[in-house]
Amino acid sequence: MKIAVLPGDGIGPEIIAEAVKVLKALELEFELETAAVGGTAYDAHGHPLPAATLALAKAADAVLFGAVGDWKYDKLERQYRPEQAILGLRKELGLFANFRPAICYEQLTHASSLKPELVAGLDILIIRELTGDIYFGQPRGRRTAVDGHFPGSEEAFDTMRYSKPEVERIAHVAFQAARKRSRKLTSVDKANVLETFQFWKDVVIEVHAQYPDVTLEHLYVDNAAMQLVRQPKAFDVVVTGNLFGDILSDEAAMLTGSIGMLPSASLDKDGKGLYEPIHGSAPDIAGKGVANPLATILSAAMMLRYTLNQPEAADRIESAVKAVLGAGLRTGDIWSEGTTKVGTRAMGDAVVAAITGKTITTKT
Ligand code: IPM
Ligand code: MG
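Residues numbered from 1 in each chain as written. Chains lettered and ligands numbered in written order. Predicted model: local features only at pLDDT ≥ 70, side-chain atom pairs only at ≥ 80, totals over all residues. Heavy atoms only, no water.

In this section: the overall build of the chain. Scanning the chain for helices and strands turns up 12 helices and 14 strands. A compact globule built from 364 residues would reach a C-alpha radius of gyration of about 21 Å, and the chain, at 21 Å, matches this within 12%. With the C-alpha coordinates aligned to their principal axes, the bounding extent of the chain is approximately 65 × 50 × 40 Å. Across the 364 residues in the chain, those meeting the buried criterion constitute 52%. (Helix = DSSP H or I, 4+ residues; strand = E, 2+ residues; numbered from the N terminus. Rg over C-alpha atoms; globule rule 2.2 N^0.38 Å. Buried < 20%, exposed > 50% of the residue type's maximum accessible area, 1.4 Å probe, protein only.)

A few words now on the site of ligand 1. E83, R90, R100, R128, Y135 and D246 make up every residue found near ligand 1. R128 places a polar side-chain atom, nitrogen or oxygen, 2.8 Å from an oxygen atom of ligand 1. Within the side chain of Y135, a nitrogen or oxygen atom sits 2.5 Å from an oxygen atom of ligand 1. Coverage of ligand 1 by the protein chains reaches 76% of its 320 Å² of free accessible surface. Of the residues contributing to the shell around ligand 1, the split by class is 1 nonpolar, no polar and 5 charged. (Near = heavy atom within 4 Å. Polar contact = N/O pair within 3.5 Å; in protein donor to acceptor, adjacent residues only side chain to side chain. Areas by Shrake-Rupley, 256 points an atom, 1.4 Å probe, with all protein chains shown as cover. Nonpolar A, V, L, I, M, F, W, Y, C, P; charged D, E, K, R; others polar.)

Take the nonpolar core next. Within the largest apolar cluster, 90 residues are counted, with the highest numbers of intra-cluster contacts made by F99 and I127. Inspection of this core shows a minimum of three residues originating in each of domain 1 (1-96 + 268-364) and domain 2 (102-261). In this structure F99 touches L125, I126, I127, V173, A177, P263, S264, A265, L267, M302 and Y306, once residues within four positions along its chain are discounted. Core analysis: the second largest hydrophobic core is formed by 18 residues, A4, L49, F65 and L93 among them. (Core = buried A, V, L, I, M, F, W, Y, C linked by side-chain atoms within 4.5 Å. Domains from an automatic or database assignment. Contact = heavy atoms within 4.5 Å.)

The next point concerns the domain arrangement of the chain. Each assigned domain of the chain is listed here: domain 1 (1-96 + 268-364) and domain 2 (102-261). Distance between the C-alpha centres of domain 1 and domain 2: 24 Å. Contacts between the two partners involve 19 residues from domain 1 and, on the opposite side, 22 residues from domain 2. Seen at the junction of domain 1 and domain 2, the total is 5 residue pairs in polar contact (both at pLDDT 80 or more). For the side of domain 1 that touches domain 2, the elements supplying multiple residues, two or more each, are α4 (83-92), α10 (294-306) and α11 (311-326). Classifying every residue of the side of domain 1 that touches domain 2 gives 9 nonpolar, 4 polar and 6 charged.

Where helix α1 (residues 12-25) contacts α10, the two axes come as close as 8 Å, and the packing angle between them is 45°. The orientation of α1 relative to α10 falls into the category oblique. Here α1 runs over α10; the crossing is right-handed. Along its contact with α1, which presents I15, I16, E18, A19, V22 and L23, the element α10 presents T296, I297, A300, M303 and L304. (Axes fitted to C-alpha atoms, helices over the stretch in contact; angles between N-to-C directions. Parallel < 35°, antiparallel > 145°, perpendicular 65-115°, else oblique. Left-handed = near helix turned anticlockwise from the far one by under 90°.)

Once that is clear, we can look at unusual backbone geometry. In this structure, the amide linkage connecting Q138 to the following residue, P139, adopts the cis form with an omega of 0°. Of note in the backbone geometry, R183 takes a positive phi value of approximately 60° without being a glycine. Note that R183 resides in the loop between α6 (164-179) and β8 (184-189). Unlike most non-glycine residues, N309 shows phi in positive territory, near 60°. Of note, N309 is situated in the loop between α10 and α11.

Let us look at the pattern of salt bridges. Applying the stated criterion across every chain yields a total of 19 salt bridges. Of the charged contacts in the structure, one is a salt bridge between D213 and R179, with a shortest N-O distance of 2.8 Å. One end of the pair, D213, is in the loop between α7 (195-208) and β9 (215-220); the other, R179, is in helix α6, and 34 residues separate them in sequence. Take D213: its relative accessible area is 30%, and that puts it in the partly exposed class. Assessed through its relative accessible area of 33%, R179 is described here as partly exposed. Here the salt bridges do not stand alone but share partners, grouping K2, E31 and E33 into one network. (Salt bridge = Lys/Arg side-chain N within 4 Å of Asp/Glu carboxyl O.)

The next point concerns the packing of aromatic side chains. Scanning the model with the defined rule gives 8 aromatic pairs in all. With centroids separated by 6.1 Å and ring planes inclined at 90°, the aromatic side chains of Y162 and F197 adopt a geometry described as edge-to-face. Separated by 35 residues along the polypeptide, Y162 in the loop between β7 (154-157) and α6 and F197 in helix α7 bring together distant segments of the chain. Like F197, Y162 is buried. (Phe/Tyr/Trp six-rings, centres within 6.5 Å; stacked < 30°, edge-to-face > 60°.)

Turning to the sheet that holds strand β10 (residues 237-240), a few remarks are in order. Within the open sheet, the 10 strands sit side by side as β2-β1-β3-β12-β11-β4-β5-β10-β8-β9. Their pairing is mixed. The two strands at the open ends of the sheet, each matched to only one other strand, are β2 (31-34) and β9. Across the sheet, the axes of successive neighbouring strands diverge by a mean angle of 20°, strand direction being ignored. Here strand β4 (residues 97-103) runs beside strand β11 (residues 263-267); their pairing, made up of 3 bridges, is antiparallel. In the sheet register, F99 faces β11, and the bridge partner there is A265. Lying on the sheet, α6 is in contact with β4, β5 (123-129), β8, β9 and β10; it crosses β5 at an angle near 165°. (Pairing = 2+ DSSP bridges.)

Here it is as structure tokens:
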């Protein structure tokens, strides 16, 4: 089994180093190969997704991805910006199904900005379509307006679109995921305004006929955003488009205490996947050794479970993370009175120690 390791920018290399340490502690047979991606790759090779990196990602069984982006690249032409690396990988590898579980760990109930009783025991799964919608729709660009409120002025535009097979395949993924959980699926749309999302809703209803054992409900995205902070535990599996999923998954992350805790899996039709924390490159704290590596470590666990077919190894990582939280270790983002603040490396070491059965270090 070969894993492509793409650390990227900002805190990417720091958090990936901890996840790699944890993977190595499992003593399984994998080959890890690292390549440049994002702004780092642009600096070294003139492109955020160099051909060699893409080839490695395609050849590998799974991809472990850190994060990309830094303000210093914001002035570059869009095609050279770091974000194009992750968008390009999703597109080129056909990673249309994005799983973003939001689990509130018992020990972190108080780290959430919501009242503890609202989030205690929260365990929801957001399934975001990842290769369509306004993210990839063509045409897009800038031009001179010929109509609208200000004809003759400069304007910018993007295209929101979904084809029927694109909605069908993500709906199947979502219904199947719901079957493995509480058999309840919420499809999020904006059918009251957008043609694309009336179509989305119609297609999801059609696919539902094949899953009569799953309860399907529909929410408009504005209402879904509100319900997520009003009564998050009313949700179980949520399926939505690329743009709404981007926004709602950040919101859901905060319910769990910190975006630094949330892993993700982006899968193709055969279950090959790219695994990444849902947080970004956090350039403000890069290099300081304070970033929370748990989202990346948990992403490695998802990789073992979904693509590498090693559920026991995934369990070992997830149990180790719980043990470390249980022992009171916290990075700054999840720290609260009475717990021990540790840095990125100490957190990774503690997870390794929990896996290998050694005592948990509490040094920062
Ligand atoms: C995410 C990120 C990306 C997205 C960016 C970095 C392109 O926000 O994975 O949620 O918008 O999809
Ligand atoms: Mg996002």
